[in-house]
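Coordinate analysis (summary)
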Amino acid sequence: DTGVSQDPRHKITKRGQNVTFRCDPISEHNRLYWYRQTLGQGPEFLTYFQNEAQLEKSRLLSDRFSAERPKGSFSTLEIQRTEQGDSAMYLCASSSSTGELFFGEGSRLTVL
Amino acid sequence: AQSVTQLGSHVSVSEGALVLLRCNYSSSVPPYLFWYVQYPNQGLQLLLKYTTGATLVKGINGFEAEFKKSETSFHLTKPSAHMSDAAEYFCAVSRGSSGGYQKVTFGTGTKLQVIP
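Notes on the structure in this doc start here. (Residues numbered from 1 in each chain as written. Chains lettered and ligands numbered in written order. Predicted model: local features only at pLDDT ≥ 70, side-chain atom pairs only at ≥ 80, totals over all residues. Heavy atoms only, no water.)

Contacts between the two partners involve 19 residues from chain B, matched on the other side by 21 residues from chain A. The contact between chain B and chain A buries some 1,700 Å² in all, and 51% of this surface belongs to carbon and sulfur atoms. Taken together, chain B and chain A are joined by 2 salt bridges. Of the charged contacts in the structure, one is a salt bridge between Lys103 of chain B and Glu56 of chain A, with a shortest N-O distance of 3.3 Å. Those elements that provide at least two residues to the side of chain B that touches chain A are β4 (31-38), β5 (44-50) and β10 (104-106) of chain B. (Contact = heavy atoms within 4.5 Å. Buried area = accessible area lost by both parts, 1.4 Å probe. Salt bridge = Lys/Arg side-chain N within 4 Å of Asp/Glu carboxyl O. Helix = DSSP H or I, 4+ residues; strand = E, 2+ residues; numbered from the N terminus.)

Listed below in structure tokens is the structure:
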């Protein structure tokens, strides 16, 4: 399967713990996006990488959130000191120069 | 900045009836427009996209959409609904710029119910 893969698919954690999500994009795509989706809402943009450079971060991304894309391949999204409001589906997508996004199946976070 | 508005968070149609999901966009530059579908517990899948050229765009599963600049609309249609079309549909917009960075902004989604 050469699609976008995300890991883990589900994560349940206690408030205050740190969590990390990983995304492996389609190999020839140099652009990688993170979105967050809550129930009844569309995906909300979090951050964007072109190769290893993080070119834009949403104001939604507080200081507790950090994303990296070392060597321009896979990416990680870390949330420190999780809060109940962080509970959501975290979506990763990649694209080539044609612009359409190819999404993974998402990582669902539940903060208790 | 770009944005999209999807009219109707829930739409119900009978099997075999016309599907019409509405999307209006706002963009200060010529946009790229997309429709994505999300089935339960799955990721978003591209249905169709408009970049340049022909304003009537055909996508997968018999869906199509028409870009109307004068109405700033990109409504999604399908002549005859099938039970398997039941899903959530998202309209999205990005700044049209070939080869450049394109942040894609999504609408809030329309959940389509198909009644047997």
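On to the nonpolar core, then. Residues Trp35, Leu48, Leu76 and Tyr89 of chain B are the most contacted members of the largest nonpolar core, which totals 27 residues. The residues contacting Tyr89 of chain B, other than those within four sequence positions of it, are Gln6, Leu21, Trp35, Tyr36, Val37, Leu47, Phe63, Leu76, Gly109, Thr110 and Leu112 of chain B. Trp34, Leu46, Phe49 and Cys92 of chain A belong to the second largest nonpolar core, which has 19 residues in total. (Core = buried A, V, L, I, M, F, W, Y, C linked by side-chain atoms within 4.5 Å. Buried < 20%, exposed > 50% of the residue type's maximum accessible area, 1.4 Å probe, protein only.)

We now examine the state of the cysteines. Residue and element names in this part refer to chain A. Counting across every chain of the model gives 2 disulfides over all chains. Note that Cys23 is cross-linked by a disulfide to Cys92, the S-S spacing being 1.9 Å. Between Cys23 and Cys92, the disulfide has an S-S torsion of -70 degrees and is therefore left-handed. Of this pair, Cys23 sits in strand β3 (residues 19-24) while Cys92 sits in strand β9 (residues 88-95), and the two are 69 residues apart along the sequence. By relative accessible area, which is 0% here, Cys23 ends up buried. Residue class for Cys92 comes out buried when judged on its relative accessible area of 0%. (Disulfide = S-S within 2.5 Å.)

This part takes up the environment of Val37 of chain B. Residue and element names in this part refer to chain B. Along the chain, the position of Val37 falls in strand β4. Under the relative-accessibility criterion, Val37 is labelled buried at 1%. In this structure, the C-alpha to C-alpha distance between Val37 and Asp85, residues 48 residues apart in sequence, is 9.2 Å. Residues contacting Val37, with those up to four places away along its chain left out, are Gly43, Leu44, Gln45, Leu47, Ala87, Glu88 and Tyr89.

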